[in-house]
Amino acid sequence: MAPPTELGDGVFAIPVPLAGSPLRAIIVYAVRTSAGLVLIDAAYEHPVCWRSLNDSLRAIGHRVEEVVAVLLTHNHPDHVGLAEQIRDASGAEVVIHRRDDFTWQRQERDGFLGQLATVLDGTGVPAEQRAEMFEAAKSVAVHREALVPDRLLVEPITELAFGDVTLRAVHAPGHTYGHTVYLHPAGYVFTGDTLMPEGPVQLALAPLRGDDPVGDLLGTLATIGGLGAAVACPAHQYPFLDVEARCRELAAHHSAEQEQARRLSTAHLDAWGVAPHLSWAKPWDRMGVSTRRFALVHTHALLQPLP
């Protein structure tokens, strides 16, 4: 892992290895405030990740005990994993949007595996491949769904004050239904998995009639593009400039992608028929089980909402 980097204005980018995960790393952001240290996201639940985060905090002159808040962009395991350990060590407040709170999510739309099962059943994937994909998902994705947050965000925009720094929490669905970005007053926007410098956004699972991940994402990209942020700080890859232009680029990509998928759906019955004909980073016939699952559920999301 690269060492922590100070971006300026008391904001640090801290790469944390995702041991035990197929992803290489996540960037946890630390924000200095007069009230203490605020973290954006909490990495993966694994001893290697815990040691790495603690070592990096010490490298920037802090300790985990100084953390006063953990602001979660969304509820995927590489983002929420260490939140409870951090809270146990420091008494930090854990914050997430209500629609990504695990208790609320179970009530509203079932847990992760339940949603995945429903979506796979709706893609038209043959039974043998469906079973393979589901088992692969269970083996690589840790979704304990046990975290109980201290504060649930419910409004489109919420001001969060920590001493001399007030961060603005902005609801930003598309990757998940409760995904949230956080705007720092110096112009940094912490974008989680919604806005990265390279590649498209993985769309939310769409198990319920009326789900519209592309519509959600396009609205989110317009919102982020209008925040006036100078630097995007994503949870993967690297921070980058020209936030508004990147929002426009991604919006154009996903609009065109959805149009292509819907056009193909006139000749193919379902997502399983459409997916091999879309453009992917790796050709469909060369994808492994997990990569093909991601592509398939993404295609299913492109075809929503159902008429």
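The text that follows walks through the structure, step by step, so that each part is easy to find. Note that the coordinates shown come from a computational prediction; the quantities given were computed from them, not determined experimentally. (Residues numbered from 1 in each chain as written. Predicted model: local features only at pLDDT ≥ 70, side-chain atom pairs only at ≥ 80, totals over all residues. Heavy atoms only, no water.)

Re the overall build of the chain
Tallying secondary structure elements over the chain gives ten helices and 13 strands in all. Its C-alpha atoms give the chain a radius of gyration of 19 Å, near enough to 19 Å, the size a compact globule of 307 residues would have. Along the first, second and third principal axes, the C-alpha atoms of the chain reach 60 × 35 × 35 Å. Here the analysis covers contacts within the chain between residues at least 6 apart in sequence; of these, 66% occur between residues at least 24 apart. (Helix = DSSP H or I, 4+ residues; strand = E, 2+ residues; numbered from the N terminus. Rg over C-alpha atoms; globule rule 2.2 N^0.38 Å. Contact = heavy atoms within 4.5 Å.)

Looking at the packing of helix 7 (residues 213-225) against helix 8 (residues 243-264)
The description of two packed helices rests on the angle between their axes and on the distance between the axes. Closest axis-to-axis distance for the helix 7/helix 8 pair is 8 Å, and the angle between their directions is 165°. Classed by the angle they form, the pair helix 7 and helix 8 counts as roughly antiparallel. In the crossing of helix 7 with helix 8, the sense of the turn from one axis to the other is left-handed. Listed contacts from helix 8 to V214, L217, L218, L221, I224 and G225 of helix 7 are V243, E244, C247, L250, A251, H254, S255 and Q258. (Axes fitted to C-alpha atoms, helices over the stretch in contact; angles between N-to-C directions. Parallel < 35°, antiparallel > 145°, perpendicular 65-115°, else oblique. Left-handed = near helix turned anticlockwise from the far one by under 90°.)

With respect to helix 8
The terminal C-alpha atoms of helix 8 lie 32 Å apart, and with 22 residues this matches the ideal 32 Å at 1.5 Å per residue to within 8%. Those residues of helix 8 that fall on the buried side of the exposure criterion are V243, R246, C247, L250, H254, E257, Q258, A261 and L264. On an axial view of helix 8, the arc spanned by its buried residues comes to 130°, and they lie on one face. For helix 8, exposure combined with an orientation more than 90 degrees from the buried face picks out R248, E259 and R263. (Expected span 1.5 Å × (residues − 1). Buried < 20%, exposed > 50% of the residue type's maximum accessible area, 1.4 Å probe, protein only. Arc of directions from axis to C-beta.)

Side note on the sheet that holds strand 11 (residues 188-192)
Strands sit in the order 8-9-10-11-12-13 across an open sheet of six strands; the sheet is mixed. Both edges of this open sheet fall to strand 8 (157-162) and strand 13 (240-241), since each of them pairs with a single strand only. Direction of pairing for strand 9 (residues 165-171) relative to strand 10 (residues 180-183): antiparallel, over a ladder of four bridges. Opposite V170, over in strand 10, you have V181 as the bridge partner. (Pairing = 2+ DSSP bridges.)

Looking at the side chain of H254
Mapped onto the elements, H254 comes out in helix 8. In this structure, H254 is in contact with P200, V201, V214, L217 and H298, ignoring residues within four places of it in sequence.

Topic: the nonpolar core
Core analysis: the largest hydrophobic core is formed by 44 residues, its most contacted members being L116, L120, V189, L195, V243, W284 and L296. Leave out the neighbours within four places in its chain, and V189 touches V181, Y182, L183, L227, A229, V231, A232, C233 and V243. Counting 31 residues, the second largest nonpolar core, distinct from the first, contains F12, I14, I60 and F102. (Core = buried A, V, L, I, M, F, W, Y, C linked by side-chain atoms within 4.5 Å.)

What about the pairing of strand 8?
With burial as the criterion, only one face of strand 8 is covered, namely that bearing T158, L160 and F162; the residues I157, E159 and A161 on the opposite face remain uncovered. Note: strand 8 against strand 9, six bridges, orientation antiparallel. When the bridges of strand 9 are listed, A161 appears paired with T166. Counting the residues that bridge the hairpin from strand 8 to strand 9 gives two residues, and of these G163 lies at a positive phi of roughly 60°.

Observations regarding the packing of aromatic side chains
What describes a pair of aromatic rings is the distance from one ring centre to the other and the angle between the planes of the rings. Applying the stated criterion to the full structure yields two aromatic pairs. On the basis of an interplanar angle of 75° and a centroid distance of 5.7 Å, the ring pair of W272 and W284 is categorised as edge-to-face. Within this pair, whereas W272 is found in helix 9 (residues 271-274), its partner W284 is found in the loop between helix 9 and helix 10 (289-302), the two being separated by twelve residues in sequence. Just as W272 is buried, W284 falls in that class too. Its end group placed over the ring of W104, R98 keeps NZ or CZ at 4.4 Å from the ring centre. In this structure, R293 is placed above the aromatic ring of F294, and the distance from its NZ or CZ to the ring centre is 4.8 Å. (Phe/Tyr/Trp six-rings, centres within 6.5 Å; stacked < 30°, edge-to-face > 60°. Lys NZ or Arg CZ within 6 Å of the ring centre and 35° of its normal.)

Looking at helix 4 (residues 102-109)
Burial in helix 4 covers these residues: F102, Q105 and R109. In a view along the axis of helix 4, the buried residues occupy a sector of 65°, so they form one face of it. Looking at the buried residues of helix 4, the elements they touch are helix 2 (77-80) and helix 5 (112-123). Residue D110 follows helix 4 closely and has a positive phi angle near 75°.

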